[in-house]
Amino acid sequence: GEQVEQRPPHLSVREGDSAVIICTYTDPNSYYFFWYKQEPGAGLQLLMKVFSSTEINEGQGFTVLLNKKDKQLSLNLTAAHPGDSAVYFCAVIPGTGGYKVVFGSGTRLLVSP
Amino acid sequence: GPKVLQIPSHQIIDMGQMVTLNCDPVSNHLYFYWYKQILGQQMEFLVNFYNGKVMEKSKLFKDQFSVERPDGSYFTLKIQPTALEDSAVYFCASSLDRGQDTQYFGPGTRLLVL
């Protein structure tokens, strides 16, 4: 079945720097992709949902790139600030359809002033 | 955005006892999910529930697990009896439509089985 590898597991950057998190998935027929942010004690907050036909997706302060050839999904925070400190998860809906979402293992991002 | 609530936030019980985790999903959502996250590991799908039925479940959804949503109240995950390896954070999620629709997650229930 679908496997999703996320890296790095931990990332520390200074305020204003960029931060990049990458997920690699295995099922080439995967068709929906998600980035979630989890702050301590809170549920997962949806950052962006990406359909497989859209390669570049702009959010507020971040960009999500989908590279179908390499089966990679990336989250790029362009100018990180301390409020971005959280755990970030990618998630993929595999091409087999069904109901389940396969998650990456998470990246703990720390942005220091 | 839409909020999913989970009660309790923490639960400590002795091995062999029964535990019920409660989820208050987004009000107009129709699909409900449970995920399990062991400390330091990724979140893993347990089960999906729709229209009173389990639609899909994973290998992690053991025979000791059951789910229900009686009369549109809480969506519950019951574990009976519990085992040490059930210690984890359990996340509930709900969505309006099936798989491709956005799932909204609760904050999780931290379950510790002693």
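Conventions adopted
- Residues numbered from 1 in each chain as written.
- Chains lettered and ligands numbered in written order.
- Predicted model: local features only at pLDDT ≥ 70, side-chain atom pairs only at ≥ 80, totals over all residues.
- Heavy atoms only, no water.
- Helix = DSSP H or I, 4+ residues; strand = E, 2+ residues; numbered from the N terminus.
- Buried < 20%, exposed > 50% of the residue type's maximum accessible area, 1.4 Å probe, protein only.
- Polar contact = N/O pair within 3.5 Å; in protein donor to acceptor, adjacent residues only side chain to side chain.
- Contact = heavy atoms within 4.5 Å.
- Pairing = 2+ DSSP bridges.
- Axes fitted to C-alpha atoms, helices over the stretch in contact; angles between N-to-C directions.
- Buried area = accessible area lost by both parts, 1.4 Å probe.
- Salt bridge = Lys/Arg side-chain N within 4 Å of Asp/Glu carboxyl O.

## Here's the deal with the side chain of Ser 30 of chain A
All names here are of chain A. Relative to the elements of secondary structure, Ser 30 occurs in the loop between β3 (19-25) and β4 (32-38). The class for Ser 30 is buried, based on a relative accessible area of 5%. Within the structure, the side chain of Ser 30 is placed 2.3 Å from the side chain of Glu 2, a separation counted as a polar contact. Reaching out from Ser 30, the side chain makes a polar contact with the backbone oxygen of Asp 27 at a distance of 2.9 Å. Those residues in contact with Ser 30, other than ones at most four positions away along the chain, are Glu 2, Tyr 25, Ser 52, Val 92, Ile 93, Pro 94 and Gly 95.

## Overview of the sheet that holds strand β7 (residues 62-67) of chain A
All names here are of chain A. Spatial strand order, β1-β3-β8-β7-β6: 5 strands in an open sheet with antiparallel pairing. The open sheet has two free edges, formed respectively by β1 (4-7) and β6 (56-58), since each of these has just one partner strand. Each neighbouring strand pair of the sheet contributes to a mean axis angle of 15°, computed without reference to strand direction. Two strands pair when backbone bridges link them, and β3 and strand β8 (residues 72-77) are joined in this way by 6 bridges, in the antiparallel orientation. Note on β8: the bridge partner recorded for Ala 19 is Leu 77.

## A look at the interface of chain B and chain A
Contacts between the two partners involve 21 residues from chain B and, on the opposite side, 22 residues from chain A. When chain B packs against chain A, the two sides together hide about 1,900 Å² of surface, and 56% of this comes from carbon and sulfur. One can count 0 salt bridges joining chain B with chain A. Among the secondary structure elements, those contributing two or more residues to the side of chain B that touches chain A are β4 (31-37), β5 (44-50) and β6 (53-57) of chain B. Ranked by the residues each element gives to the side of chain B that touches chain A, the list is headed by β4 of chain B, at 4 residues.

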